[in-house]
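# Survey of secondary and tertiary structure
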Amino acid sequence: MTIRNRTSRLAEHIVLGSVFVLASSAAPAFAYLDPGTGSMMLQLMLGGVAGALVVGKLYLHRAREFIRSVGRRLRAG
Amino acid sequence: MTAAGAQSVPGSYRDPAGGVHRLGDRILRTVSPEHEEDFNVALRTGLLDRLADEGRIVAFESLPLPAEALGLAGAVRVLEHPRLPFISHPYEWSFEALRAAALHHLDIHLEVMEGGVTLSDASAYNVQFIGTRPVFIDHLSFRPYRDGEIWAGYRQFCEQFLNPLLFCAATGVMPNAWYRGALEGIPTSDVRRLLPWRAKLSRRVLLHVVAHSALEKAGPASGEAAGAAKAALLPRDAFLRMLRDLRAWIAKLQPKGRRSLWSDYMTTCSYTDDEQAAKKEEVAAFAAAVAPGMLWDMGCNTGEYSLLALKSGARRAIGWDGDAAAVDAAFVAAQAAGAELTPLVGDLANPSPSQGWSQAERAGLLERSSADAVMALAVVHHLLFGANVPLPQAVGWLVGIGPRGLIEFVPPGDVQVRAMIARRSTHHPYDRDTFVAALQRVARIERSTVLGPSARELFWYDRTR
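Within any chain, residue numbers begin from 1 and follow the written order of that chain's sequence. As they are written, the chains are lettered A onward and the ligands numbered 1 onward, keeping that order. Local features in this predicted model are restricted to residues whose pLDDT is 70 or higher, and side-chain atom pairs enter the listing and the counts only when it is 80 or higher, whereas totals over whole chains, interfaces and linings include all residues.

### Re the overall build of chain A
To keep things clear, this is the line we draw: Each helix is a run of DSSP H or I of at least 4 residues and each strand a run of E of at least 2, with the numbering of both proceeding from the N terminus. Any residue whose C-beta has 12 or fewer other C-beta atoms within 10 Å is treated as exposed, any with 20 or more as buried, and any in between as partly exposed, C-beta atoms being built from the backbone.
Helix and strand content of chain A: three helices and zero strands. Along the chain direction, N to C, the helices and strands of chain A fall in the order α-α-α. With 77 residues in all, chain A has 26% of them scored as buried.

### Considering the overall build of chain B
Formally: Only the C-alpha atoms count toward the radius of gyration. The rule for a globule is 2.2 Å times the residue count to the power 0.38. The contact rule is simple: place each C-beta atom from the backbone, and if two of them lie within 7 Å, those residues are in contact.
In terms of regular secondary structure, chain B is built from 18 helices and 16 strands. Scaling as 2.2 N^0.38, a compact globule of 465 residues should have a C-alpha radius of gyration of about 23 Å, and chain B matches this with 24 Å. Taking the principal axes of the C-alpha coordinates as reference, chain B spans close to 75 × 60 × 35 Å. The buried share of chain B, reckoned over its 465 residues, is 46%. In chain B, the proportion of contacts linking residues at least 24 apart, taken out of those at least 6 apart, comes to 69%.

### Describing the sheet that holds strand S14 (residues 404-409) of chain B
All names here are of chain B. What counts is decided by this rule: One requirement defines pairing of two strands: DSSP has to find at least two bridges between them. Note on method: axes are straight lines fitted to C-alpha atoms, helices fitted across the in-contact stretch only, with angles between N-to-C directions ranging 0 to 180 degrees.
Pairing within the open sheet is mixed, and its seven strands lie in the order S12-S11-S10-S13-S14-S16-S15. Where the open sheet ends on each side, the last strands, each with one partner, are strand S12 (341-345) and strand S15 (444-450). Neighbouring strand axes in the sheet, compared pairwise and without regard to direction, differ in orientation by 15° on average. The strands touched by helix H18 (residues 432-442) within the sheet are S14, S15 and strand S16 (457-462), with S14 carrying the most contacts at an inclination of about 170°.

### Quick notes on the sheet that holds strand S5 (residues 77-81) of chain B
Whenever strands of a sheet pair, they do so through backbone hydrogen bonds, lying parallel or antiparallel. All names here are of chain B. Spatial strand order, S1-S2-S3-S5-S4: five strands in an open sheet with antiparallel pairing. Edge positions in the sheet fall to strand S1 (7-8) and strand S4 (61-63), since each has one partner strand and no second. In this structure, strand S2 (residues 18-23) lies alongside strand S3 (residues 26-31), joined through six bridges in antiparallel fashion. Residue Leu23 lies in a different strand from S3, and its bridge partner there is Arg26.

### A word on the domain arrangement of chain B
Rules: Delimitation of the domains relies on an automatic or database domain assignment.
Assigned domains within chain B: domain 1 (7-81), domain 2 (90-252) and domain 3 (265-462). Computed over C-alpha atoms, the centres of domain 1 of chain B and domain 3 of chain B are 38 Å apart.

### Considering the packing of helix H3 (residues 95-114) of chain B against helix H4 (residues 154-171) of chain B
All names here are of chain B. Defined as follows: Left-handed describes a crossing in which the near helix is turned anticlockwise from the far one by less than a right angle; the clockwise case is right-handed. Gly is placed with the polar residues, together with every amino acid not listed as nonpolar (Ala, Val, Leu, Ile, Met, Phe, Trp, Tyr, Cys and Pro) or charged (Asp, Glu, Lys and Arg).
For the pair H3 and H4, the least separation of the axes is 10 Å and the interaxial angle reads 145°. Helix-helix and strand crossings are classified by hand; for H3 and H4 the assignment is left-handed. Together, Phe95, Leu98, Arg99, Ala102 and His105 of H3 and Phe161, Pro164, Leu165 and Cys168 of H4 make up the contact between the two elements. Tallied by class, residues from the contact of H3 with H4 come to seven nonpolar, one polar and one charged.

### Considering the pairing of S16(B)
Residue and element names in this part refer to chain B. In this sheet, S16 lies alongside S14 in antiparallel orientation, the contact comprising six bridges. From the neighbouring strand, Glu408 faces S16, where its bridge partner is Leu458. Linking two consecutive strands that pair antiparallel, namely S15 and S16, is a turn of six residues; a positive phi of about 160° is found at Gly452 within it.

### Side note on the packing of helix H2 (residues 37-46) of chain A against helix H7 (residues 203-217) of chain B
Here is the rule we go by: Between 65 and 115 degrees an angle is taken as roughly perpendicular, under 35 as roughly parallel, over 145 as roughly antiparallel, and anywhere else as oblique.
Interhelical geometry of H2(A) versus H7(B) gives an angle of 120° and a closest axis separation of 7 Å. As far as their axial angle goes, H7(B) and H2(A) are oblique. Classified by chirality, the crossing of H7(B) by H2(A) is right-handed. Residues Thr37(A), Gly38(A), Ser39(A), Met41(A) and Leu42(A) of H2(A) form the contact with H7(B), whose own contacting residues are Ala211(B), His212(B), Ser213(B), Leu215(B) and Glu216(B). Of the residues assigned to the contact of H2(A) with H7(B), the class counts are four nonpolar, five polar and one charged.

### So, the environment of Leu207(B)
All names here are of chain B. Turning to its location among the elements, Leu207 is positioned in helix H7. Residue classification places Leu207 among the partly exposed positions, given that 19 C-beta atoms sit within 10 Å. Spatially, the C-alpha atoms of Leu207 and Arg316 are 41 Å apart, while their sequence positions differ by 109 residues.

### Considering unusual backbone geometry
Residue and element names in this part refer to chain B. One non-glycine residue with positive phi stands out, namely Gln359, at about 50°. By secondary structure assignment, the location of Gln359 is in the loop between S12 and helix H14 (365-368). Classification of Gln359 as exposed rests on a count of 12 C-beta atoms within 10 Å.

### Examining the confidence of the model for chain A
Residues and elements named next belong to chain A. Defined as follows: Per-residue confidence from the predictor is reported as pLDDT, which spans 0 to 100.
Averaged over every residue, the pLDDT of chain A is 66; residues scoring 70 or more account for 51%. Predicted confidence in chain A is weakest over helix H1 (residues 3-25), with a mean pLDDT of 58, and strongest over H2, with 84. Throughout residues 20-35 the model reports pLDDT below 50, and contacts reaching past four residues in sequence, or to other chains, amount to 17 contacts.

### Digging into the pairing of S3(B)
Residues and elements named next belong to chain B. Burial of S3 is extensive: five of the six residues sit out of reach of the surface. If you look at the hairpin formed by S2 and S3, you'll find two residues sitting between the two strands, and Gly24 has a positive phi there, around 65°. As paired strands, S3 and S5 are joined by five bridges and run antiparallel to one another. Paired with Val31 across the strands is Arg77, a residue of S5.

### Describing H3(B)
Applicable threshold: Given a helix with a known number of residues, its expected span is that number minus one, times 1.5 Å.
Across its 20 residues, H3(B) extends 29 Å between first and last C-alpha, which sits within 8% of the 28 Å expected from 1.5 Å per residue. Once H3(B) finishes, Gly116(B) follows within two positions and takes phi at roughly 80°, a positive value.

And the structure:
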């Protein structure tokens, strides 16, 4: 296996790992979804570290929102 | 852009880059001013000419402008294409045909990428078949590749090629009925829900189905996504790796547990070798005498008689059968023989309707074209007993497809027909006299041939006299 192939496999593993974490934390909050969004995000993440970081940033605020909402619920309960 | 004369083809309204028009028997394609530069750049690479010379995209010729005389005033470029023998829809393709179309699409994309050109979409409707040879038909899909851009047609490729193939490979269920109802293809999120968990252990399924669908569900708003796509890049190498990896995957997929009622019919049917030889002789004589430019074999099974007709005088043939496994066998046999047969999946009692936008985007079976000749071998009793179609209607419909034809009548005493009758308490009249009277009402019977002791009989009709 060449270094390039190893890198591409590693990128795929990072994508798969991140997707499970993100998908499990994400609430279906959007009233309208661009049907091409998933394909766009997947390709950016497959494109390498830079793309994965950009996509990661997009999800970061959603993760923060999720944590805040859990915190609010805990305080209220 | 269409004036009097040329008529816009209903299925070509989507692409703002141009459109396809019909002028009598001629097929013309206009290029819109907005797409002119992109098309010219793609054309100057010489890739389109090479692919056309190799027969992998449909041939084209630039017509002199202005095109007012053609009724296409305002077009910045007009291409003329040869007319294809038949337009089929992806939901009429068997597994092997859909696979061949998918591989053809990927091969063309990989090849043009080497020359700095990419494809703007990945619609399965942009592939057609001449015999079993796939041909790409949308010249306006070619445009210059911009370094770092994502694969715009990826989602469409998954929905229209990968997902139906994968669904069939993982479950053994043919996707044609679903695809026919969902013209844009099978959504990735639906396939994810239906795939068995074991199928999801595959790296490629996790990536192209599970991750793809999860990112779509949990994705950012489209504005944010578009911004991200501008900020980040898909390196060319990663783009090519995706295309190559999909190609390698699709080439290896197989329908799960393929078992067909009809694909082994040729070895289990209820008549003798002599009768089969007599049937072949009659089919060959019919094809030689009529020499149809286009023969439709209704209920083609594994294509044996279509292939024989092609050897004996028919120029091209389309085969229809409801059994996708038999159609796959016919597709592979036609490929091996290099024959001009396109076997397609279709329920004769429920042929493809006109549908899509304005109920005209994807033309129904009989709206598309008609045949010069029809063969319907051992089919009529299936229409009567399988779909309760009365004999006069079944015969009338078949004869309506082509002016000349060969129809087999299987007598009520045949072992298979007896089994069908035994399962029913009542059915429409089924006997030779009713059949002959029905055929004589719509056509002249040229001759009839009893095949042997089974009393199966072939009727050669002509409704032009």
